[in-house]
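# Breakdown of the fold
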Amino acid sequence: MRRRLSSPLASHGCGPANARATLVASGLALSGVVVMFGAALTIGHLLGDLLALAMTVLMALMMVIIRRYRHVSMLPAACVSAFAC
């Protein structure tokens, strides 16, 4: 899922545009997340689902940043994020 989320984020300034099939797959993956959140509202596990979604979005954002700024070493940031978990 991270690739499907990072791909649309990266298409806004990190190189070539994505194929239509990739964007459609991203939309389908997002609709699956919406279904999962709908179930969490009735069961009461919303906090855990929100944390999982935040982790996925932040990992996708990190992939986009690494791809955009290839000349910058991301090792220190990766080490800090590993200890933050």
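If you're wondering where the values come from, they're calculated on a predicted model, not measured in any experiment. (Residues numbered from 1 in each chain as written. Predicted model: local features only at pLDDT ≥ 70, side-chain atom pairs only at ≥ 80, totals over all residues. Heavy atoms only, no water.)

### Digging into the overall build of the chain
- Within the chain, the secondary structure is distributed over 4 helices and 0 strands.
- Overall, the chain shows an N-to-C arrangement of helices and strands of α-α-α-α.
- Within the chain, the proportion of its 85 residues that are buried is 13%.
- Here the contacts in the chain between residues at least 6 apart in sequence split such that 57% fall between residues at least 24 apart.
- Only carbon and sulfur atoms are counted for the fraction: they give 72% of the accessible area of the chain, which is about 6400 Å². (Helix = DSSP H or I, 4+ residues; strand = E, 2+ residues; numbered from the N terminus. Buried < 20%, exposed > 50% of the residue type's maximum accessible area, 1.4 Å probe, protein only. Contact = heavy atoms within 4.5 Å. Areas by Shrake-Rupley, 256 points an atom, 1.4 Å probe, with all protein chains shown as cover.)

### Examining a nonpolar patch on the surface
- On the surface, L58, L61, I65, Y69 and V72 cluster together to form a nonpolar patch covering roughly 430 Å² of accessible area.
- Position of Y69 among the secondary structure elements: in the loop between helix 3 (46-68) and helix 4 (75-84).
- Owing to a relative accessible area of 40%, Y69 belongs among the partly exposed residues under this scheme. (Patch = residues over 30% accessible without salt bridge, like charges linked within 9 Å, V, L, I, M, F, W, Y side chains within 5 Å. Salt bridge = Lys/Arg side-chain N within 4 Å of Asp/Glu carboxyl O.)

### What to know about the environment of L53
- Tracing the sequence through the fold places L53 in helix 3.
- Residue contacts for L53: discarding those within four places in its chain leaves V33 and F37.

### Considerations on helix 3
- With 23 residues, helix 3 extends 33 Å from end C-alpha to end C-alpha; this agrees with the ideal 33 Å at 1.5 Å per step.
- The complete set of buried residues in helix 3 reads T56, A60 and V64. (Expected span 1.5 Å × (residues − 1).)

### Structural notes on the confidence of the model for the chain
- Of the residues in the chain, 74% have a pLDDT of 70 or more, and the chain-wide mean is 74.
- When mean pLDDT is taken per element in the chain, helix 3 scores highest with 80 and helix 1 (residues 2-10) scores lowest with 57. (pLDDT = per-residue confidence, 0-100.)

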